[in-house]
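A closer look at the structure
Read off the chains here:
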Amino acid sequence: MANVGKLQETGKGNVLIVDDDRNFSWGLCEALKDAGYKAASAVSSKDGFAKLSDSPVDVVLLDLKLGAEDGVDVLKRVKKEYPDVAVIMITAFGDIPQAVECMRNGAFNFITKTAHKEPELFFATVGNAIESSLSRRRDKLHRQELKRFYDTDDIVAGSEVMLELIRKAAKVAESPSSTVLVTGETGVGKELLARLIHERSSFKDGAFVALNCSALPENLLESELFGYEKGAFTDARTLKKGLFEVADRGTLFLDEIADMHLRLQAKLLRAIESKCFRRVGGTQDISVNTRIIAATNKDLRDEAEEGRFRLDLFYRLSVVPLEVPALRERMEDIGPLTEHFIKRFNRELGKNVRGSSPEAMQRLLTYDWPGNVRELRNVIERAMLLETDDVVLPGHLVLEPVRRGRPAPKEAPAPAGEEGAQTPAGPAAVRPEADTLTLVEAEKACILKALKLAGNNKTRAAQILGISRQTLRTKLKAYSEDAPGLDEEPEL
Ligand SMILES: Nc1ncnc2c1ncn2[C@@H]1O[C@H](COP(=O)(O)OP(=O)(O)OP(=O)(O)O)[C@@H](O)[C@H]1O
Ligand SMILES: [Mg+2]
């Protein structure tokens with residue numbers, strides 16, 4: 001066989017032959033080596049597993065009758081301990097039915113003891129097995145990459161309110177049977193939080209499947225969720241599993257749940273309550289153990305009052321309610337998030353941006369972020385994509401003009417003071433009373449908010465406001481009649 005080795009010159013890899021027939025092993029080993037593979041042999045499973053743990057192996061050629069051992073058992077163990085390794089069974093002619101059985105148990109293919117008579121077929125089989133093993137590993141790497149992209153440890157938080165929410169989510173993760181309802185405005189990180197719960201739960205090895213309930217018409221959403229039997233409707237040519245099944249022992253993330261149709265809401269409630277459901281067109285109950293995390297940016301109670309959402313489903317979903325605050329309500333997260341996105345886009349765009357200038361940070365801190373963290377991410381990405389400076393400057397930041405009628409932020413600071421004219425427009429909502437207050441009163445309200453946000457640290461408050469510390473002190477002195485102590489040292 002050695003002379004046909006050249007056929008596989010490009011498909012080199014590591015092959016281990018586990019066969020008690022030493023002559024046969026030796027012959028294959030030599031042929032494989034001549035063909036440019038790395039090949040080794042073992043005469044027993046013990047010997048084989050020792051070699052598997054010692055050196056990299058892509059393909060195992062495994063004898064179906066390994067002395068007194070049952071090759072099928074050995075195959076199962078290899079697939080369990082080394083799932084990426086492809087196994088080709090070596091069989092005698094009469095054992096072909098057993099070989100087929102092996103393929104059901106995860107063998108890649110089989111060859112017979114007379115493989116040396118058909119070298120082309122033999123090397124093609126080995127080559128394909130190596131390719132399959134490599135592609136498995138590539139897929140795994142890809143999944144790890146994806147996981148890293150969504151790595152829930154990447155949830156960045158500096159504010160106490162977010163840290164507390166993450167702690168709560170991690171606690172909820174421990175009981176995979178609890179249904180969770182995540183609420184919050186668009187882009188606040190609801191899906192990221194759902195992924196965190198999945199990653200920290202005992203279902204983490206199962207799938208995390210996200211489904212946007214507003215994206216599909218009712219019938220399609222139903223068959224996505226519950227699957228269908230072959231022939232259930234004209235286009236149902238084959239059976240299709242629903243996402244409830246795909247996410248068995250995993251997590252089904254139902255985004256925009258408020259947009260689910262009422263009829264489906266009833267079916268979903270039944271499936272959650274009974275942990276079983278029927279495929280469309282099916283007659284059999286299918287049991288699943290799927291954790292449901294639902295998310296919405298609407299108020300489900302209001303939706304229920306308006307008759308658009310089932311109250312019973314709302315109660316069932318909100319066993320554990322998690323509300324992610326808008327970014328403007330946790331401005332302390334802006335610094336850490338900006339740093340995080342700069343690092344990320346340095347990696348992704350091959351840049352070397354060191355950080356943001358204090359003036360740029362001030363702009364970020366005085367904007368009201370209607371699109372929340374997603375908008376911040378996009379603003380940083382755009383700044384880094386288009387600019388060549390190694391620091392993000394205010395001019396790089398493209399922020400939407402402030403819209404009227406936005407929900408009022410609770411703690412956002414606003415630019416004020418004599419430098420106010422040069423600073424970018426702050427969120428309208430930080431000056432909620434601006435129409436009725438005098439300029440001095442509005443300015444004072446802004447200063448007090450900035451101080452509160454800065455934990456009474458005047459240097460920080462002055463930075464937030466974009467004025468000098470001295471200006472701030474002067475203004476505080478002027479207010480001290482109304483609020484004694486504001487201008488006192490030392491700082492907190
Ligand atoms: N705390 C955070 N740390 C790091 N990245 C975050 C954080 N919060 C959100 N992001 C990022 O912001 C983007 C939007 O987050 P996500 O998709 O989870 O928001 P959402 O609330 O589900 O939005 P929508 O309501 O529009 O579906 C994502 O790229 C996410 O990775
Ligand atoms: Mg989302």
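It should be emphasised that the depicted structure is a prediction, and the values quoted were computed from it without experimental measurement.

Turning to the confidence of the model for the protein chain, a few remarks are in order. Here the protein chain averages 82 in pLDDT, and 84% of its residues register 70 or above. Overall, residues 1-11 carries pLDDT values under 50, and its contacts beyond four positions in sequence, including any with other chains, amount to 22 contacts. Within the model, the stretch residues 407-436 combines pLDDT values under 50 with 64 contacts to residues more than four positions away or in other chains.

What follows is about the site of ligand 1. Close to ligand 1 lie 18 residues, the nearest being V156, T186, G187, K190 and R377. At 2.9 Å, a backbone N or O of G187 approaches an oxygen atom of ligand 1. Within the backbone of L192, an N or O atom sits 3.0 Å from an oxygen atom of ligand 1. Coverage of ligand 1 by the protein chains reaches 89% of its 630 Å² of free accessible surface.

This part takes up the pattern of salt bridges. Under the defined criterion, the tally for this structure stands at 26 salt bridges. Between D285 and R278 there is a salt bridge, with its nearest N and O atoms 2.9 Å apart. Across the pair R310 and D312 runs a salt bridge, and its minimum N-O distance is 2.8 Å. On the basis of relative accessibility, which here comes to 30%, the residue R310 falls in the partly exposed class. Given the relative accessible area of 34%, D312 is considered partly exposed. Each of E218, E222, R263 and K267 takes part in one network of salt bridges that share partners.

With that settled, the discussion passes to the sheet that holds strand 12 (residues 251-255). The strand order across the open sheet formed by 5 strands is 9-12-15-8-16, and the pairing between neighbours is parallel. Either end of the sheet is taken by a strand with one partner, and the two such strands are strand 9 (208-212) and strand 16 (320-323). Taken over all neighbouring pairs, the strand axes of this sheet differ in orientation by 20° on average, direction set aside. Summarising the sheet, strand 8 (residues 180-183) and strand 15 (residues 291-296) pair through 4 bridges and their orientation is parallel. Paired with L181 across the bridge in strand 15 is A294. Here helix 6 (residues 160-173) sits on the sheet in contact with strand 8, strand 15 and strand 16, set at roughly 155° to strand 16.

In a beta sheet, neighbouring strands are held together by backbone hydrogen bonds and run either parallel or antiparallel to one another. Reading across the sheet, the 5 strands line up as 2-1-3-6-7 and stay open at both edges, with parallel pairing between neighbours. If you trace the sheet from one side to the other, it starts and ends with strand 2 (38-42) and strand 7 (109-112), each paired once. Taken over all neighbouring pairs, the strand axes of this sheet differ in orientation by 20° on average, direction set aside. As defined by bridge partners, strand 6 (residues 86-91) adjoins strand 7 across 4 bridges and the pair is classed as parallel.

Before going further, it helps to spend a moment on the packing of aromatic side chains. Two aromatic rings are characterised by how far apart their centres lie and by the angle between their planes. Under the counting rule described, the total for this entry stands at 9 aromatic pairs. A centroid spacing of 6.2 Å and a plane angle of 5° characterise the contact between Y37 and F123, whose relative ring orientation is stacked. Taken together, the residues span a long stretch of sequence, with Y37 in the loop between helix 1 (22-34) and strand 2 and F123 in helix 5 (residues 119-149) at a distance of 86 residues. Classification of Y37 by relative accessible area gives buried; the value is 4%. The class of F123 is buried, set by a relative accessible area of 0%. Consider the rings of Y228 and F233, whose centres lie 4.8 Å apart with planes at 65°: the pair is edge-to-face. Of the residues examined, F233 reaches a relative accessible area of 35% and is grouped as partly exposed.

What counts, and where the lines are drawn
- For every chain, the first residue of its written sequence is number 1, and the numbers climb from 1 along that sequence.
- In the order they appear in the text, chains get letters beginning with A and ligands get numbers beginning with 1.
- Given that the model is predicted, a residue must reach a pLDDT of at least 70 before its local features are reported, and side-chain atom pairs must reach 80 or more before they are shown or counted; all residues, however, enter totals for whole chains, interfaces and linings.
- In computing side-chain values, all of the structure's heavy atoms are included and hydrogens and water are not.
- Residue-level confidence of the predictor is summarised by pLDDT, bounded by 0 at the bottom and 100 at the top.
- Contact between two residues is taken to exist if any of their heavy atoms lie within 4.5 Å; hydrogens are not considered.
- The rule for a residue being near a molecule or strand is that one of its heavy atoms must lie within 4 Å of it.
- We call two N or O atoms a polar contact when they sit within 3.5 Å, provided that within protein one can donate a hydrogen and the other can accept it, with sequence-adjacent residues counted only if both atoms are side-chain atoms.
- Calculation of accessible area relied on Shrake-Rupley with a 1.4 Å probe; when residues are assessed, cover is drawn exclusively from the protein chains displayed.
- Here, a salt bridge means any Lys or Arg side-chain nitrogen found within 4 Å of an Asp or Glu carboxyl oxygen.
- Residue exposure (1.4 Å probe, protein chains only): buried if accessible area is under 20% of the type maximum, exposed if over 50%, otherwise partly exposed.
- Think of it this way: DSSP has to see at least two bridges between two strands before they count as a pair.
- Here a strand is any run of E in DSSP of at least two residues, a helix any run of H or I of at least four, and the numbering for each starts at the N terminus.
- Interaxial angle, 0 to 180 degrees, is taken between N-to-C directions of lines fitted to C-alpha atoms, where a helix line uses only the stretch in contact.
- Each Phe, Tyr or Trp ring, with Trp reduced to its six-membered ring, pairs with another whose centre is within 6.5 Å; inter-plane angles below 30 degrees give stacked pairs, above 60 give edge-to-face pairs, and intermediate values give tilted ones.

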